[in-house]
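Take a look at the letters that make up each chain.
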Amino acid sequence: ATAKKHHKSGTLQSSNNPPHTSDRSPFRIKNYSLTGLDCPSDCSSFLIQKSQSAQMQRPSPRSARGKRPLGLAKESDLRKRKTAKVSATQPPKEKLLRRRLGRAKACGLSGPPESARFGNLPVQDVADFPSNEICQELESMVERGRWPGFAACAFVGRGEKLDTCALTCARGKADMQLNSRMGFDTICRLYSMTKAFVGLGIAKLADRGRLALDDPAWWHLPEPVATRFREMRVLVEGKPKPVPAASPITLRQLLTHTSGMGSDIATGLDALTRKRGPWEALYQDLTEAVDEGRVQSLAAFVEALSELPLWQHPGKEFYYSYGYDVLGYILEHKSGLKLNEFLKKEIFLPLGMHDTGFFVQRRDTKRLAQLYRHTKATRFGSTGTKAELCTVKNGFLAGQHCRVLSGGGCVSSRDGGLTSTLRDYSKFLVAVFNKGAIPGSNKRLCSKRAAELMLTNHCAEVAGCRRTGEPRICAHNRRGVGLNLMGEVQLDRCEPDKNCLWFDGVPGLVQWGGAATTFYKYQEVNGKPLLLILFAQVLPQDDGRTCSAAFQRMRAWAESETASRKRKLA
């Protein structure tokens, strides 16, 4: 009944019941045909169904004298007619199948050759895993009209590493006007989830001895930017002129947003949830220069940024900043490659992330999800009485994209950072959390040392710890929240959100999100690694309540399974 329901509604099934697999026989291309691929009018997730070939009747025999009876067609003509009648039920040829799979991918759907693996891990049923509950939790946001659609996946491990994809689920629309459905190959905007790629680039260079995290940043910058970073000045309240910085900015401070540098708000993303303060206003002219096309490269952006004073002395306090954009420029300078070329060489190609980049090619336009804003404000096209999903114009298509390749996610008022698919991004997260190993191969994305560097709480390294063991500097200036190169880390004594929103207070949780409601959460529960990834495309960024509730179900499953195993051993 569940399978029929999903087929009629055109939504993607949970991977706990993958439509293309069977308990008795493995997937074989020659024995399967595709249905539901009347693109683009029917861009539903397709089911792979076994074809039943009709038995062809033998032609009537010739008469004893070797002549055909009256009214009987030639044997060859009869064969053609019979073939035409049963062609709809016969299995397609491999060439035709590949062509149909290409059409499916063009519409943002998932192709069967890869769907048996996700995140480079096998898709398998996991006993008692709460797949239906997680999907229902997330789907409620679509039913309430809060999200246009979403795609999600979950991974679990029975040892130290993630080894199984336990859930793939997609519901709703990628574009409500075009009636295109959300899928695993739908291209989404990452915004701040771009940072992790730049962090890995820095970790790989550190592992190769090209730099150290406590090096002054100016050591690894070209002139004239190097001189300006070496002689950085700080605005001090009550003093008419900036004063010299107490110490140089280090790479680790850029990685943890403790460099004393700030950033402007992206008014196209945070227009109703944030207002410019005095420190954001310091960068307003720079944002406008990017919007107007007066700054068209990362080098030009960092050069202009280096002329502005700091708001605080380096290493004293957390403040969300352009640090990862400076780090992206350092990657360009050290490698001799543009940031997109460096990331492609070091990360995207080794992982097979072919749909990830700083802009979307014209041929993939239909696969780019529409960005929406959930609002009732008339200035954004709503009625003013009830919150609804309104389209947001953006320029991520080739030729319209932001020319500044932002390593931090956004340096304009609305656009910037990488775009990717759930299928691609899951490969990256699985490899990093598996200590740099790429599943299903003998290759590595990075060394174990680089992977450990990615997952270390670097806030504690910036300013040390108090006698209680708590870091002196916390991410978002919030007690018990650290920061590694993948995102936030909940530490001991983490203050949970009221009503369990984004921060649930459980120590050991690693999490991060992007402005357009893209999230991931990772934690080891009783020695079992758990990873949940969610992609939606809606502003403002979701408060995290639904994602936290879904991950809590995964956590409860891991805890109950461990308890059950202990009872059996006893």
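Residues numbered from 1 in each chain as written. Predicted model: local features only at pLDDT ≥ 70, side-chain atom pairs only at ≥ 80, totals over all residues. Heavy atoms only, no water.

1. Focus on the overall build of the chain
Scanning the chain for helices and strands turns up 18 helices and 19 strands. Residues classed as buried in the chain amount to 55% of the 570 residues present. When contacts within the chain are restricted to residue pairs at least 6 apart in sequence, those whose partners lie at least 24 apart make up 67%. Of the roughly 26,300 Å² that the chain leaves accessible, carbon and sulfur atoms contribute 48%. (Helix = DSSP H or I, 4+ residues; strand = E, 2+ residues; numbered from the N terminus. Buried < 20%, exposed > 50% of the residue type's maximum accessible area, 1.4 Å probe, protein only. Contact = heavy atoms within 4.5 Å. Areas by Shrake-Rupley, 256 points an atom, 1.4 Å probe, with all protein chains shown as cover.)

2. Notes on the environment of Asn499
Mapped onto the fold, Asn499 is located in the loop between β15 (488–490) and β16 (510–514). A relative accessible area of 54% means that Asn499 is categorised as exposed. With 46 residues separating them along the chain, Asn499 and Arg545 place their C-alpha atoms 7.9 Å apart.

3. A word on the nonpolar core
Counting 135 residues, the largest nonpolar core has Phe428 and Tyr520 as the members making the most contacts within it. Not counting the four nearest positions on each side in its chain, Tyr520 is found in contact with Met193, Leu429, Phe433, Met486, Gly487, Trp502, Val510, Gln511, Trp512, Leu531, Leu532 and Ile533. Within the second largest apolar cluster, 14 residues are counted, among which are Val360, Leu368, Val392 and Phe396. (Core = buried A, V, L, I, M, F, W, Y, C linked by side-chain atoms within 4.5 Å.)

4. What about the pairing of β16?
By the criterion of burial, β16 is predominantly enclosed, with five of the five residues buried. Residues Val510, Trp512 and Gly514 line one face of β16 and the alternating positions Gln511 and Gly513 line the opposite face, and both faces are buried. Pairing of β15 with β16 involves two bridges; the strand directions are antiparallel. When the sheet's bridge partners are listed, Val489 is paired in β16 with Val510. The sheet contact formed by β16 and strand β17 (residues 518–525) spans five bridges and is antiparallel. Paired with Trp512 across the bridge in β17 is Tyr520. The antiparallel hairpin formed by β16 and β17 contains three residues in its connecting segment, where Thr517 sits at a positive phi of about 65 degrees. (Pairing = 2+ DSSP bridges.)

5. Focus: the pattern of salt bridges
Inspection of every chain in the model, using the stated rule, returns 18 salt bridges. Among the ionic pairs, Arg294 bridges to Glu292, the shortest N-O distance being 2.9 Å. (Salt bridge = Lys/Arg side-chain N within 4 Å of Asp/Glu carboxyl O.)

6. Observations regarding the sheet that holds strand β14 (residues 481–483)
Spatially, β7-β6-β5-β18-β17-β16-β15-β14 is the arrangement adopted by the eight strands of the open sheet, whose pairing is antiparallel. Both edges of this open sheet fall to β7 (180–181) and β14, since each of them pairs with a single strand only. Lying on the sheet, helix α15 (residues 422–433) is in contact with β5 (149–156), β16, β17 and β18 (528–535); it crosses β18 at an angle near 155 degrees. (Axes fitted to C-alpha atoms, helices over the stretch in contact; angles between N-to-C directions.)

7. Here we look at helix α12 (residues 298–305)
Restricting attention to buried positions, one finds in α12 the residues Leu298, Phe301, Val302 and Leu305. The arc that holds every buried residue of α12, seen down its axis, measures 90 degrees, which confines them to one face. On its buried side, α12 packs onto α7 (225–230), α11 (284–291), α13 (323–335) and α14 (339–351). (Arc of directions from axis to C-beta.)

8. Looking at the sheet that holds strand β11 (residues 372–375)
Taken in spatial order, the three strands of this open sheet run β12-β11-β19, and their pairing is mixed. Strands at the two margins of the open sheet, each flanked by one partner only, are β12 (388–391) and β19 (538–539).

9. A few points about unusual backbone geometry
For the peptide bond that leads from Glu223 to Pro224, omega is 0 degrees, which places it in the cis range. Along the polypeptide, Pro224 turns up in the loop between α6 (195–207) and α7. Each neighbour pair has its own omega, and for Leu539 with Pro540 the value is -10 degrees, a cis peptide bond. For Asn179, which is not glycine, the phi torsion reads 65 degrees and is therefore positive.

10. Quick look at the packing of aromatic side chains
Counting across every chain of the model gives 16 aromatic pairs. Plain terms: the ring middles of Trp147 and Phe150 are 6.2 Å apart, the flat faces sit at 65 degrees to each other, and that makes the pair edge-to-face. Through successive ring pairs, a cluster of aromatic residues spans Phe197, Phe348, Tyr425, Phe428 and Phe535. Across from the ring centre of Trp218, 4.9 Å away, lies the NZ or CZ of Arg230, which sits over that ring. A cation sits over an aromatic face here: Lys521 above Trp502, 4.1 Å from the ring centre. (Phe/Tyr/Trp six-rings, centres within 6.5 Å; stacked < 30°, edge-to-face > 60°. Lys NZ or Arg CZ within 6 Å of the ring centre and 35° of its normal.)

11. Considering the confidence of the model for the chain
For the chain, mean pLDDT is 83; residues scoring 70 or higher make up 77% of the total. Note on residues 85–91: pLDDT is under 50 here. Beyond four places in sequence and across chains, it has eleven contacts. Low confidence marks residues 93–98, where pLDDT is under 50. Its contacts with residues over four positions away, or in another chain, come to four contacts. (pLDDT = per-residue confidence, 0-100.)

12. As for the pairing of β5
Among the eight residues of β5, eight are classified as buried, and the element is accordingly described as predominantly covered. In the sheet, β5 pairs with strand β6 (residues 164–175) via eight bridges, with the strands oriented antiparallel. What sits directly across from Ala152, in β6, is Cys169. As paired elements, β5 and β18 share six bridges and run antiparallel to each other. In the strand pairing of β18, Ala152 is matched with Leu534.

13. So, α14
Taking 1.5 Å of rise per residue, the 13 residues of α14 would be expected to cover 18 Å, and the 17 Å separating its terminal C-alpha atoms lies within 8% of that figure. If you check which residues of α14 are buried, you get Leu339, Phe342, Leu343, Glu346, Ile347, Phe348 and Leu351. (Expected span 1.5 Å × (residues − 1).)

14. Remarks on the side chain of Lys195
Mapping Lys195 onto the fold places it in helix α6. One buried charged residue, Lys195, forms no salt bridge at all, with the nearest opposite charge on Asp325 at 6.8 Å. At 2.6 Å, the side chain of Lys195 and the backbone oxygen of Gly408 are in polar contact. (Lys, Arg positive; Asp, Glu negative; His and termini not counted. Polar contact = N/O pair within 3.5 Å; in protein donor to acceptor, adjacent residues only side chain to side chain.)

15. Concerning the environment of Val506
Position of Val506 relative to the elements: it lies in the loop between β15 and β16. Taking C-alpha positions, Val506 is 6.5 Å from Gln490, a pair spaced 16 residues apart along the chain. Other than its neighbours up to four places away in sequence, Val506 contacts Gln490, Gln523 and Arg555.

16. Section: the environment of Cys459
If you trace the backbone, Cys459 turns up in helix α17 (residues 459–463). Judged by its relative accessible area of 0%, Cys459 falls in the buried class. C-alpha separation for the pair Cys459 and Phe318, spaced 141 residues apart in sequence, amounts to 9.0 Å. For Cys459, the contacting residues outside a window of four places in its chain are Thr256, Ile473, Ala475, Gly482 and Leu483.

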